[in-house]
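Single-letter residue listing:
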Amino acid sequence: IYIQRWHNAYRFHEQLEPAYQQLLEQRRQMAASTHSTDKALGKAYGFLTQQAAFAGNFEQALGYAQLSLRLFGKDAIDARRRHLDRVYLYCELEDLQKAEDSLRLALNGAQDGDPATQTPAGAPETACPPQTLAELANRSTDPFVQVAFVRLCRQLPAAFQGYEVR
């Protein structure tokens with residue numbers, strides 16, 4: 001009965017424990033002052049991204065995702081996961097253009113805030129070659145990319161002709 005009652009029973013809290021929040025802030029300030037990356041802290045903010053999203057605080061989740069992206073530096077796999085988190089968050093906020101842009105960034109390995117991957121002023125935010133988003137997602141072997149693509153397709157069916165989503 002215990003397992004049946006508590007299995008998959010998650011509790012998400014909007015507020016962090018003060019000691020944990022203080023520790024995160026100290027490490028974030030240290031990384032910012034030395035202009036360095038901190039993968040462990042990036043993962044912590046990635047966890048907080050999901051925690052805030054599950055609690056329904058999408059704006060806070062986007063802020064945590066942005067912090068996480070900055071802290072990962074050149075770690076493409078972890079950065080991709082944060083971009084994919086942002087696809088879901090932007091879909092929930094019904095900002096479908098930003099959701100699509102985040103999926104393109106995930107597919108191309110680009111990172112926000114990295115001057116080497118920034119597009120020129122006035123150009124679209126996506127760093128994608130002239131292929132459709134559907135073609136790029138279809139070539140990916142990452143199941144997280146596939147699921148994020150399906151989530152976006154369910155909200156933008158006209159944009160993905162020929163790729164039926166069930």
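Structure's up top.
Residues numbered from 1 in each chain as written. Predicted model: local features only at pLDDT ≥ 70, side-chain atom pairs only at ≥ 80, totals over all residues. Heavy atoms only, no water.

Applying the stated rule across the entire model yields eight salt bridges. In this structure, the salt-bridge partner of Asp142 is Arg80, at a minimum N-O distance of 3.2 Å. With Asp142 in the loop between α7 (133–139) and α8 (143–155) and Arg80 in helix α5 (residues 76–92), this pair connects stretches of sequence that are 62 residues apart. Taken together, the shared-partner salt bridges connect Arg80, Arg81 and Asp142 into one network. (Salt bridge = Lys/Arg side-chain N within 4 Å of Asp/Glu carboxyl O. Helix = DSSP H or I, 4+ residues; strand = E, 2+ residues; numbered from the N terminus.)

Grouped together as the largest cluster of nonpolar side chains are 30 residues, with contacts concentrated most on Leu24, Tyr45, Leu103 and Leu152. Contributing elements (two or more residues each) for this core: α2 (18–34), α3 (39–54), α4 (58–72), α5, α6 (96–108), α7 and α8. Ignoring any residue separated from it by four or fewer positions in sequence, one finds Tyr45 in contact with Leu24, Arg28, Tyr64, Leu67, Ser68 and Leu71. (Core = buried A, V, L, I, M, F, W, Y, C linked by side-chain atoms within 4.5 Å. Buried < 20%, exposed > 50% of the residue type's maximum accessible area, 1.4 Å probe, protein only. Contact = heavy atoms within 4.5 Å.)

So, on to the side chain of Ser140. Position of Ser140 relative to the elements: it lies in the loop between α7 and α8. Among the polar contacts listed, one links the side chain of Ser140 to the backbone nitrogen of Asp142, at a separation of 3.1 Å. If near-sequence neighbours (up to four positions away) are discounted, Ser140 is found in contact with Leu107, Val145 and Gln146. (Polar contact = N/O pair within 3.5 Å; in protein donor to acceptor, adjacent residues only side chain to side chain.)

The description of an aromatic ring pair rests on the distance of the ring centres and on the angle between the ring planes. Applying the stated rule across the entire model yields one aromatic pair. Ring centres 5.8 Å apart and planes at 35° place the aromatic pair Tyr45 and Tyr64 in the tilted group. One end of the pair, Tyr45, is in helix α3; the other, Tyr64, is in helix α4, with 19 residues separating them in the sequence. Assigned by exposure class, Tyr45 and Tyr64 land together as buried. (Phe/Tyr/Trp six-rings, centres within 6.5 Å; stacked < 30°, edge-to-face > 60°.)

Our next topic: α5. For the α-helix, the turn length of 3.6 residues means that residues three or four positions removed from each other point alike. Here α5 contains 17 residues, and its C-alpha end-to-end distance of 24 Å stays within 8% of the 24 Å for a straight helix at 1.5 Å per residue. Contact partners of the buried residues in α5: α3, α4, α6 and α8. Looking one or two places after α5, you find Glu94, whose phi comes out positive at around 60°. (Expected span 1.5 Å × (residues − 1).)

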